[in-house]
Amino acid sequence: SPLQQTPPRSKMTLPPEWKDDERMNFMFSEFKENRDVNVTDWDSKMDFWTSLIMRSCRQRGSVCINLKDLNETFRREDRSPLGLPTVIQSMARGGKIQRESEFAASVDCGWVSWSVGLLLVKPLKWTFSTLLGGGGVPLEDSFVVIEIVKEKAAELLQLYRSSDLSNCSIVSFQELCGLSSDICADESTLCMALLQLQKDKQVIVCLHEGEKIVKFCQAGQERVSPLNDVDIGIYQLQRSEKLLGERVEKLGQEAARCKEEARNLLREGKKSQALRCLRSRKRVEKRADNLFAKMESIRGILDRIAMSQTDKMVMQAYQTGVAALRLSLKDVSVERAESLVDQIQELCDTQDEVNRTISSGVTAADEDMDALEEELKSLMDEANPDTAPVPAGGVRAPSEQIFSSLPDVPRGPLNVVPDVLEAKLEQLTLSDKGLQL
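The notes below deal with the structure included here. Since the structure is predicted, the reported quantities are computational estimates derived from the model, not experimental observations.

**Details of helix H4 (residues 84-93)**
Those residues of H4 not exposed but buried are Leu84, Val87, Ile88, Gln89, Met91 and Ala92. Downstream of H4 by a residue or two, glycine 95 has a phi angle that is positive, lying close to 75 degrees.

See below:
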């Protein structure tokens, strides 16, 4: 039967109303045969137990439930809830839970044989149609809580990717058990999480030489790639490297023990025995050196494989780039490019000619205006022969220098003698002549 463990009641948080006798008497009673008699009471009781079952699974770290464990978990004053079978049936109808065997069969039939009895309690022919048809809920039948198993699967995948095992695409089941011991309550929980990951195309689980191995989807991939001979070869090399490393470490400890034993024998004056211990140490160290050299050779092979996989990825990127470039240049040719350049040059030449034409037209108009001004000047000279010739630039206003030379306007009484007036008049006359000039 599946490994199910019910933790002590002290580790489970119960709702506040658990101490309310009146409320609990209602919750521990059976459901009415007809929900329509009192929809509010029915739904209230169903929501209470569904929520409590989900909370219990999360606190226990388990993804599976069965009626027997639920009766023990929720026992209160030597009473078990009478409506739990109805709750399980309702959760099954709503797709919140699924029988373990049927959950496994919905993913991959190969998992049934791999589970080695962990998943199967009854034959697969027993389905939810029997359960929901009124046949009752057997105490020992285990059900998977779909929401919880999805959470556990995501947690397991994240744990793998953040661990040292992420360097290996294939991991043994035993290594995975050790890695997930803090998040999976038991082996059955780990199996359910792996089933969900395989359903999501994130892992592949298979048997290799009697050993269960798990291949994970690597970061950057949408789904796990099929298991092939290269994966198996890399896995075997990594296993050999690990085993050799463990043996080298043990031989190192043995050599250190021989050295310490020889030191103690020397203190006791047993030189011959100490010499034998040193000879043993030399032999152990030689074996360790040989194993270490083999381990280094395996590491070199693994490094070359990793480099070849990187080269393969680069080549695939090159091929993709060439295909994309070829597609983008499908309608482009040298002749077409030259034709486009010639057309652009021709249009530029046309634009330059238009600009020159416009510029020459504006210059001619300016020359005609100058000729008209000269003709107008001659006509004015003929009409007023006594008028002084008008400068070519037209009549200009006196400059500021001329105005500054004039005397200031008097502001007080004019106490001027005649000689002074004559001098002022002579000055004004000279100024008028300057203006005429």
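**A word on a nonpolar patch on the surface**
On the surface, Val314, Met315 and Tyr318 cluster together to form a nonpolar patch covering roughly 310 Å² of accessible area. Residue placement: tyrosine 318 occurs in helix H12 (residues 271-328).

**Thoughts on unusual backbone geometry**
The phi dihedral of lysine 201 is positive, around 65 degrees, even though this residue is not glycine. Counting through the fold element by element, lysine 201 comes out in the loop between helix H10 (187-199) and strand E5 (203-208). Even without being a glycine, glutamate 209 presents a positive backbone phi close to 55 degrees. Relative to the helices and strands, glutamate 209 is located in the loop between E5 and strand E6 (211-216). Exposure remark for glutamate 209: the relative accessible area of 70% places this residue in the exposed category.

**Overview of the pattern of salt bridges**
As enumerated under the stated definition, the model contains 15 salt bridges in all. Among the salt bridges present, the one from lysine 152 reaches glutamate 155, with a minimum N-O distance of 3.9 Å. Separated by 3 residues within a single helix, lysine 152 and glutamate 155 lie in helix H8 (residues 146-161), roughly one turn from each other. In this structure, the salt-bridge partner of glutamate 296 is arginine 299, at a minimum N-O distance of 3.0 Å.

**A look at the packing of aromatic side chains**
Geometry of an aromatic ring pair is reported as the spacing of the ring centres plus the angle between the planes. All chains considered together, the criterion is met by 7 aromatic pairs. With 5.0 Å between their ring centres and 80 degrees between their planes, phenylalanine 48 and tryptophan 49 make a pair best called edge-to-face. When its relative accessible area of 1% is taken as the criterion, tryptophan 49 is described as buried. For the pair tryptophan 49 and phenylalanine 74, a centre-to-centre distance of 5.5 Å together with 55 degrees between the ring planes defines the contact as tilted. One end of the pair, tryptophan 49, is in helix H2 (residues 39-60); the other, phenylalanine 74, is in the loop between helix H3 (67-73) and H4, with 25 residues separating them in the sequence. No difference in accessibility class separates tryptophan 49 from phenylalanine 74, as the two residues are buried. Among the aromatic residues, those joined into a ring-pair cluster are Trp18, Phe28, Phe48, Trp49 and Phe74. For lysine 45, the ring lying beneath its charged end belongs to phenylalanine 26, and the centroid distance is 4.6 Å. One residue, lysine 212, lies across the ring of phenylalanine 173, its end atom 5.1 Å from the ring centre.

**Describing the side chain of lysine 215**
Its location among the elements puts lysine 215 in strand E6. Polar contacts involving the side chain of lysine 215 include one to the side chain of serine 225, which spans 2.8 Å. Only 2.6 Å separates the side chain of lysine 215 from the side chain of aspartate 231, close enough to count as a polar contact. Here lysine 215 is in contact with Ser169, Ile170, Gln202, Val203, Ile204, Val224, Ser225, Pro226, Leu227 and Asp231, once residues within four sequence places are set aside.

**Thoughts on the packing of H2 against H8**
Two packed helices can be described by the angle between their axes and the distance between those axes. Between H2 and H8, whose axes approach to 10 Å, the crossing angle comes to 25 degrees. In terms of orientation, H2 and H8 fall into the roughly parallel class. The handedness of the crossing between H2 and H8 comes out as right-handed. Residues Met54, Cys57 and Arg58 of H2 touch H8, and the partners they reach there are Glu147, Ile148 and Glu151. The residue makeup of the contact of H2 with H8, split by class, is 3 nonpolar, no polar and 3 charged.

**Here we look at helix H5 (residues 100-107)**
Of all the positions in H5, only Glu100, Ser101, Phe103 and Ala104 are classed as buried. With its buried residues spanning 165 degrees around the axis, H5 presents them on a single face. The secondary structure elements touched by the buried residues of H5 are strand E1 (64-66), strand E2 (97-99), strand E3 (142-145), H8 and H10.

**Thoughts on the sheet that holds E1**
Note: strands within a sheet are paired through backbone hydrogen bonds, in either parallel or antiparallel orientation. One open sheet accounts for 3 strands, arranged E1-E3-E2; its pairing is antiparallel. Strands with a single pairing partner mark the edges of an open sheet, and in this sheet they are E1 and E2. Strand-to-strand twist in this sheet, taken as the mean axis angle between neighbours without regard to direction, amounts to 40 degrees. As paired elements, E2 and E3 share 3 bridges and run antiparallel to each other. Paired with glutamine 98 across the two strands is valine 144, which belongs to E3. Set on the sheet, H8 makes contact with E2 and E3; between it and E3 the angle comes to about 60 degrees.

**A short note on the nonpolar core**
Counting residues in each nonpolar core, the largest one holds 55 residues, and the members touching the most others are Trp49, Phe74, Met192 and Phe216. If you tally residues by element for this core, the top one is H2, at 8 residues. In this structure, Ile234, Ala288, Met295 and Leu302 belong to the second largest nonpolar core, which totals 11 residues.

**A few points about the sheet that holds E6**
The antiparallel open sheet is built from 3 strands, whose spatial order is E4-E6-E5. In this open sheet, the two strands that pair with only one neighbour each are strand E4 (170-172) and E5. With strand direction ignored, the average angle separating the axes of adjacent strands in the sheet is 30 degrees. The strands touched by H10 within the sheet are E5 and E6, with E5 carrying the most contacts at an inclination of about 115 degrees.

**Overview of the side chain of arginine 281**
In this fold, arginine 281 is placed in helix H12. Aside from chain neighbours lying at most four places away, what touches arginine 281 is Ala255, Cys258 and Lys259.

Rules of the game
Residues numbered from 1 in each chain as written. Predicted model: local features only at pLDDT ≥ 70, side-chain atom pairs only at ≥ 80, totals over all residues. Heavy atoms only, no water. Buried < 20%, exposed > 50% of the residue type's maximum accessible area, 1.4 Å probe, protein only. Helix = DSSP H or I, 4+ residues; strand = E, 2+ residues; numbered from the N terminus. Patch = residues over 30% accessible without salt bridge, like charges linked within 9 Å, V, L, I, M, F, W, Y side chains within 5 Å. Areas by Shrake-Rupley, 256 points an atom, 1.4 Å probe, with all protein chains shown as cover. Salt bridge = Lys/Arg side-chain N within 4 Å of Asp/Glu carboxyl O. Phe/Tyr/Trp six-rings, centres within 6.5 Å; stacked < 30°, edge-to-face > 60°. Lys NZ or Arg CZ within 6 Å of the ring centre and 35° of its normal. Polar contact = N/O pair within 3.5 Å; in protein donor to acceptor, adjacent residues only side chain to side chain. Contact = heavy atoms within 4.5 Å. Axes fitted to C-alpha atoms, helices over the stretch in contact; angles between N-to-C directions. Parallel < 35°, antiparallel > 145°, perpendicular 65-115°, else oblique. Left-handed = near helix turned anticlockwise from the far one by under 90°. Nonpolar A, V, L, I, M, F, W, Y, C, P; charged D, E, K, R; others polar. Arc of directions from axis to C-beta. Pairing = 2+ DSSP bridges. Core = buried A, V, L, I, M, F, W, Y, C linked by side-chain atoms within 4.5 Å.

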